[in-house]
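# Descriptive structure summary
Listed below, chain by chain, are the residues.
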Amino acid sequence: MDTWRNSGISNAHFLLLALLLFGGQAFAQAQNTCLDCHGALDPPLQVTEQQFTSDIHAQKGLTCASCHGGDPTKADMEAMSKAAKFRGKIERKDVPELCGRCHSDAAFMRQYNPSLRTDQLSQYKTSVHGKLFAKGDTKVAVCIDCHGVHGLRPASDTRSKVHPLNIAETCARCHADAAYMKGYSIPTDQFAKYSSSVHHDALAMRGDLSAPTCSTCHGNHGAAPPGVDTVQNVCSKCHVFQDQMFEKSTHKAAFQAAGLPGCVVCHSNHDITHPTDAKLGSGPEAVCMQCHTPGDICDQQRAAMLSGLKRLDDAVKGADKVLSVAESSGMEVSQARLDQDQARDALTKARVTIHSFKTELVDQDIQEGLKLAAKNLQAGQAALAERDYRRKGLGFALIFILMTVLGLSLYIRQLERQAPKS
Amino acid sequence: MFTRVRDWLDERFHWADLIGPLKKKTVPVHKLSYWYFLGGITLFLFGIQVCTGILLLLYYRPGANEAFESVQYIMTRVQFGWLVRSIHSWAANLMILTAFAHMFSVVFLRAYRKPRELTWLSGMVLLFLALGFGFSGYLLPWNTLAFFATKVGTEITGQVPLIGRHLMVFLRGGEDVTGATLTRFFGFHVAVLPGLTTLFVLIHLALVQYFGISVPPGVEARWKASPGEARQMNFFPNFFLRELMAWYIALGVLGALAAILPWELGAKADPFAPAPAGIRPEWYFMFMFQTLKKIPAKVWFVDGEVIGILVFGAAGLVWMLLPFFDKAGGGRGRKFIMGAGVFALTYIIAMTFYGYLAK
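Residues numbered from 1 in each chain as written. Chains lettered and ligands numbered in written order. Predicted model: local features only at pLDDT ≥ 70, side-chain atom pairs only at ≥ 80, totals over all residues.

### Points about the overall build of chain B
Across its full length, chain B carries 15 helices and four strands. Within chain B, buried positions represent 31% of all 359 residues. Contacts in chain B between residues at least 24 apart in sequence constitute 76% of all its contacts with a sequence separation of at least 6. (Helix = DSSP H or I, 4+ residues; strand = E, 2+ residues; numbered from the N terminus. Buried ≥ 20, exposed ≤ 12 C-beta atoms within 10 Å, placed from the backbone. Contact = placed C-beta atoms within 7 Å.)

Right under this line is the structure:
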């Protein structure tokens, strides 16, 4: 120190240098005395440094005091004094309003994320959760149940409880707990059913974030079960063409009159499996015959549509098989292979048109697909014929070559018999 | 008619004097004589390459947007286009195979020894030119496999100390493999390499003609001891007709391969797509590729790939100068050459198989 004094470096310079060297983080830590104690306490009072720094609010510059009041720059109990407006633990009944204080304030939120919605609280109040909460039921979900508290991450973070990949598990924490849900008179098998669905498969197995999870159909902050009349609107968000076809169908009015929930009648809700043509059949997976009578006009149309789909499916598979053989024989059939996609598209289109329940419309798509499949089959057969032609040609060429080689051999023998080697 | 044409030529060019040496040319006859066919078969396959290559040029269009489609057109629409392209591809591979076999037969029969050092050197240049043909031709259909294999291949070139980067940019026609690389490779494949190859083939044949065909040392010693055992065959027509038989058989094999296993076209190259799994060079580069893959990323403080390239470069140089070791070391030199030959052959075969079998 003597040396520094002698060299003219003052204490103030030294302090400034130390601050610059140790950076802003050490400075921020020095300002938040809450973590000094709460980092060392046992749960539920524990808030670790890691939890705090990973929280989106802390990252945006908010501190413990933003929610809990108090003065984190003061040490010991002075920080939690009434004079410092310390609020302490937030009561569960106060959570939505506390979060809403900032999240419903568009002007305030604009500073941090101008594109973030600010209607979460008002939506929450329209939800089943919010309505029960307003009646004094504190068991229902509030903000922190889904989003977490201390260590809260934005929904775009895969580690967030409300990231699309994690939402179903988050909802299931309560909704799959029969003991917790006792008294609400709703089933608790939704998560188990959803886990076996085609939607879960797309989301969790294939990582397709556009695939639906609980909030896609039920909403998030305004979560409520879609009513019988509006189920179709929920499904049609993604299944647009099926919806358009269903709108034109006779089933639309019939289902409405009978109070049946649209798409759910045939496809169920949480456990939607990959639909197969067997749904149109008369086996265990069949759905039409649950309402219709065998032999009636609808049954006849069902059978006609099913037979059309089967014909096209067989034609596409048949063409695929021939093209595969041609391809494995080394024939160039890439264009026909590409055209097969169009035939497959026609089959998919026909399956979508089924939702119109009009045989003539379905037949149009089937005929189009059959034409394409026939053309591709022809290309495959032509390639196989060409392969056989080449092999025959090869046979003749090899015979010619063999005869020439034999002829040469005989000629050499004759030549050398006349004039033996030196 | 034939006699009249011959007389006409003889009157103007002294044709009889020109073909005189060829008439006198003889080929030694012994139990290893069949190895002499390999050079001729390689030459025949080169001829096939020239003919089919010219036919392909009638329809092939170099360019990133046209190359793949033009080859697809050749394979599907052009009459016998599939046959021409498949024969061109198969003949290229067989030509390199027979060139390698020819080279090793020369090593093991010690046909490189004095005075045929330059014949060996010109043959080695021809082998390198054939590899250049293979490397440049591989990219021309502009399919996925060729695109990424060329990317890897030129990247390896970039590791050559001092000149590597410039060499890579020169080969690629820029920083990356693009349509410019394709145009450049096309130029090498149809103009530069054929010109050089024709020149070296002429030199090689002239040297073979000048020095005559080598007799293996063991046979030579036996013939010296008992001159009565020495047997020769006239090149024209006796050996030539036998060579013709071999060419016919090679043609049959080529036809069979083209008809039963037509050369694949694959999918069009997409420079923006990720490299597919299992990118491999052509089989004749596999031993080098596999070696470079197995060398650790860093050996002491030097890049493993750089060491690999330097070792292959040094080995190639020693291999080219092989005939000069035979004289220099006497018996030890001969043993070194035989050992190097056995090692090189075993190493190439083993690493090639390893490359194809390894995951």
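The rest of the description comes next.
### Some points on the overall build of chain A
Per the secondary structure count, chain A includes 23 helices and zero strands. Evaluated residue by residue, chain A yields a buried proportion of 21% over its 422 residues. In chain A, the proportion of contacts linking residues at least 24 apart, taken out of those at least 6 apart, comes to 56%.

### What to know about the interface of chain A and chain B
If you look at the interface, chain A gives 19 residues, while chain B gives 24 residues. Residue composition of the side of chain A that touches chain B, by class: nine nonpolar, five polar and five charged. (Nonpolar A, V, L, I, M, F, W, Y, C, P; charged D, E, K, R; others polar.)

### Re unusual backbone geometry
As a rule of thumb, non-glycine residues mostly have phi less than zero, and peptide bonds are mostly trans rather than cis. Following Pro-43 of chain A, the chain continues to Pro-44 of chain A via a peptide bond in cis, the omega torsion being 5 degrees. Within the secondary structure, Pro-44 of chain A is located in the loop between helix H3 (34-38) and helix H4 (49-54). Here the bond from Lys-114 of chain B into Pro-115 of chain B is cis, since omega is 10 degrees, no more than 30 degrees from zero. Considering the arrangement of structural elements, one finds Pro-115 of chain B in the loop between helix H5 (81-108) and helix H6 (117-139). If you check the backbone angles, Ser-268 of chain A has positive phi at about 60 degrees while not being a glycine. By the secondary structure assignment, Ser-268 of chain A is in the loop between helix H20 (264-267) and helix H21 (297-328). Of the residues examined, Ser-268 of chain A has 14 C-beta atoms within 10 Å and is grouped as partly exposed. For Leu-162 of chain B, which is not glycine, the phi torsion reads 70 degrees and is therefore positive. For Leu-162 of chain B, the position within the fold is in the loop between helix H7 (144-157) and helix H8 (164-172).

### Concerning the environment of Glu-332 of chain A
Mapped onto the elements, Glu-332 of chain A comes out in the loop between H21 and helix H22 (334-353). Look at Glu-332 of chain A and you get buried, because 24 C-beta atoms sit within 10 Å. In sequence terms Glu-332 of chain A and Ala-383 of chain A are 51 residues apart; their C-alpha atoms lie 7.7 Å from each other. Beyond its immediate stretch of four places on either side in the chain, Glu-332 of chain A contacts Gln-72, Met-75, Thr-76 and Leu-265 of chain B.

### Some points on the nonpolar core
Among the nonpolar cores identified, the biggest contains 66 residues, and Leu-45, Ile-87, Ala-91, Met-95, Trp-142 and Leu-254 of chain B are the most heavily contacted of them. Listed by contribution, the elements that provide at least two residues to this core are helix H3 (37-57), helix H4 (67-76), H5, H6, H7, helix H9 (179-211) and helix H11 (235-260) of chain B. Leave out the neighbours within four places in its chain, and Ala-91 of chain B touches Leu-45, Ile-48, Gln-49, Thr-52 and Leu-254 of chain B. If you look at the next biggest cluster of nonpolar residues, it comprises 27 residues, including Val-322, Leu-323, Ala-379 and Ala-383 of chain A. (Core = buried A, V, L, I, M, F, W, Y, C linked by C-beta atoms within 7 Å.)

### Details of the confidence of the model for chain B
In the predicted model, chain B carries a mean pLDDT of 92, and the fraction of residues at 70 or more is 99%. Reported for the predicted complex are a pTM of 0.68 and an ipTM of 0.82. (pLDDT = per-residue confidence, 0-100.)

### Some points on the packing of H5 of chain B against helix H15 (residues 331-357) of chain B
All names here are of chain B. With their axes 9 Å apart at the nearest point, H5 and H15 run at an angle of 155 degrees to one another. The orientation of H5 relative to H15 falls into the category roughly antiparallel. Between H5 and H15 lies a crossing of left-handed hand. Counted together, Phe-104, Val-107 and Phe-108 of H5 and Ile-337, Gly-341 and Leu-345 of H15 form the full contact between these two elements. (Axes fitted to C-alpha atoms, helices over the stretch in contact; angles between N-to-C directions. Parallel < 35°, antiparallel > 145°, perpendicular 65-115°, else oblique. Left-handed = near helix turned anticlockwise from the far one by under 90°.)

### A few points about the packing of H21 of chain A against helix H23 (residues 359-418) of chain A
All names here are of chain A. The geometry of H21 relative to H23 is characterised by a closest axis approach of 8 Å and an angle of 20 degrees between their N-to-C directions. By the criterion of interaxial angle, the relationship of H21 to H23 is roughly parallel. Crossing of H21 over H23 shows left-handed handedness. For the contact of H21 with H23, a count of residues per class yields 19 nonpolar, eight polar and three charged.

### Remarks on the environment of Gln-51 of chain A
Residue and element names in this part refer to chain A. Mapped onto the elements, Gln-51 comes out in helix H4. The exposure class assigned to Gln-51 is partly exposed, which follows from the 18 C-beta atoms found within 10 Å. Considered as a pair, Gln-51 and Gly-151 are 100 residues apart in the sequence and their alpha carbons are 4.4 Å apart. Apart from residues no more than four positions distant in its own chain, Gln-51 is found in contact with His-150 and Gly-151.

### Describing the environment of Asp-201 of chain A
All names here are of chain A. Here Asp-201 shows up in helix H15 (residues 198-205). For Asp-201, a count of 15 C-beta atoms within 10 Å puts it in the partly exposed group. Note: C-alpha distance between Asp-201 and Thr-273 (72 residues apart in sequence) is 9.5 Å.

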